Amino acid sequence: MRVAKSDSDAGSTRATFGPAVRAAFALALAGLPPVALAQTPRFDAVSPVTGAPDNPGTGLEAGPNGLPVLRKRLSDGQGRDGRPQEATPGLGGDGGGGGILLNPTNQSFRASGLTGQNDRVTVGGERTGGASTAVFNRALSPTLRFRAAPSRRNGSAVKRITRESTQVTTQAVSLTPVVQEAVVGLPLPLSTFGSRIPLLVNNPALGLLTPGFILGTDLSRPIPTDPAYAPIGYKVGTFTVLPTFAQSIGYDSNPDQTTRQFAKGSAALRTEATVDFRSDWSSSSLDGSLRGAYLETPQNDAASRPAADGVVNLRIDANRDLHIDGQARFLVDTQRTTSPNLQAATATSRPLIALYGATLGATQTFNRLSFTLSGLVDRSEFDDVQLSDGTRIRQSDRNLNQFSLRLRTAYEINPDLKPFVDVVGDTRIYDQRFDSFGVQRDSNGVGVLAGATIGLARRLTGEISAGIQHRTYTDPTLRDIDAPLVSATLVWSATPLTTVRFNAATGVTETTIPGSSGVLTEVATLEVQHDLLRNLSIVLGGSLLHNEYRNSTIRDNGFSATARLDYRFNRWLTLRGTYIYQEINSTSTASSFRDNTVLVGIRVNP
């Protein structure tokens, strides 16, 4: 029958199909292609560098010496052999670089990021060549790497900070050299002759100046301005230059400065030009101020007169603790014809007096202690006087040279207080041995002062000192002079809108009065400035003068009062109004006078 089969047939059938069916069933269960059975999975972990560790670690690679080193970044899209290759995202970098490097010789695993041996192994373990198809499980698969550490975009915070910290070289601030840049385009400070009295303080030949000069300084004294209206000046090479031109018109009741019965008023035209300059150097400095003026009185030509003064300061920084200072100065003024030393009321013009000199010194600092040694040379010359009757009074016997030496020792207690002691010695030598009265007026003097430089929180600044001086004369008929010495230059900023300035000086001056050794001259000025607006300032001030002719009965007492108003339209144009009252009462005959001066003018800073 068809259904029934013998045992022999069944056994033959099982023998024929059994192995094939079992093999197909096993393959179906395994889900692998038939070729997979012919391979044996290998777990090779051979390093590309002989002797290097099998697993250097994340972010590391094997170095030439077999030790782990930091993995080098490759440019985007390149493999180790320089051929283009797309990097696989992974730990330690972004998609453009720093990912897993692929084996360019294995095309079958390049896309998956796996590497294998370059030979093929059979089921029996023999190498037959070709690329191995064994699963490489040394590292995570690309999918797991991507999930574990997502790739970062270019310019990420971590990448930027790392690059800055590893590629930017920083230098310690303490080791960085400091170079001071030249400052250009800022308003110049006050003129060196902003207050001309300090010139008298620093010049031992104070007596050679006239009372008219001391009391008339208000005509040319500038007013400090708000920075918004202060002139800027011009840049000339390494200097900042500030020129000024002023023209005023007004009236002078007594331009001759003579007694009331001889006074002759006149219209007054005053022309003035000033040049201030300052260096813009990183070290050392050179600055100065030069001024020239002419007062014309058309109704009284004999009273027309010039005036000029100037000073140039040089500081050389030899090193941190040593600097050398130099100064050149000059002054041109006129003498009052009714002065006790002249007595030439009928003079056709006011005679000129010229004073010029220089200073050279050095300052050495030892921590807070400093020493300053200065040498001064000054010369004074007097012009002859022409009288209305044609005669001439010669004054060449008044010409002299003065040589001075000054030593200052100072100690800085703090930046606001620096006390000092000054020792001053000088000698005065006349061009002619005897004057017109047959008297030898050569003399020697010595003085000692103690004082302090003050800077109290920038509210009170300046310098003040006091002491005593002694002067001896060559001629035995002239008695020695012992007199006090006072020197002060103070500025008090009472409020942001109000400033008070005080100056004082004393000195022993020369005279031509027979029997008198010299003149003790004392002068002081007080000035109060108040800013009504940023461009509108008012100044009220006064000056006191006292001359005592030693071994003589002659005394001079002088006083002056000043009122000024400055209105600044802008940085280069200012309207100024000035009123000055001057008075000198003298015990000498015909030497007293009173004078009122009113001027209105324009100051231009081009």
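Not measured: the values here are computed from a predicted model.

Draft legend 1. Focus on the pattern of salt bridges. Under the criterion given, the structure shown has 22 salt bridges. Among the salt bridges present, the one from D431 reaches R379, with a minimum N-O distance of 2.6 Å. On the criterion of sequence distance, the pair formed by D431 in the loop between strand 14 (417-430) and strand 15 (443-456) and R379 in strand 10 (residues 369-382) is long-range, its members being 52 residues apart. Across the salt bridge formed by R501 and E527, the nearest N and O atoms sit 3.0 Å from each other. Of this pair, R501 sits in strand 18 (residues 498-509) while E527 sits in strand 19 (residues 519-533); the two residues are 26 residues apart in sequence, bridging distant segments of the chain. Across the pair, E527 and R501 agree in class, each one buried. Look at the salt bridges and you will find they share partners, linking D426, R428, R471 and E510 into a network.

Draft legend 2. How the structure looks around the environment of D480. The topology assignment puts D480 in the loop between strand 16 (460-473) and strand 17 (481-495). Measuring from C-alpha to C-alpha, the distance between D480 and G518 comes to 9.2 Å, with 38 residues separating the pair along the chain. Those residues within four positions of D480 in sequence are excluded, and the remaining contacts are H470, R471, T472 and Y473.

Draft legend 3. Representation of the pairing of strand 8 (residues 322-334). When strand 7 (residues 305-317) meets strand 8, the two strands line up antiparallel, connected through 10 bridges. Within the sheet, the bridge partner assigned to I316 lies in strand 8 and is I324. Connecting the antiparallel pair strand 7 and strand 8 is a turn made up of 4 residues. Direction of pairing for strand 8 relative to strand 9 (residues 352-366): antiparallel, over a ladder of 13 bridges. Looking at the pairing, D333 lines up with I353 of strand 9.

What counts as what
Residues numbered from 1 in each chain as written. Predicted model: local features only at pLDDT ≥ 70, side-chain atom pairs only at ≥ 80, totals over all residues. Heavy atoms only, no water. Salt bridge = Lys/Arg side-chain N within 4 Å of Asp/Glu carboxyl O. Helix = DSSP H or I, 4+ residues; strand = E, 2+ residues; numbered from the N terminus. Buried < 20%, exposed > 50% of the residue type's maximum accessible area, 1.4 Å probe, protein only. Contact = heavy atoms within 4.5 Å. Pairing = 2+ DSSP bridges.

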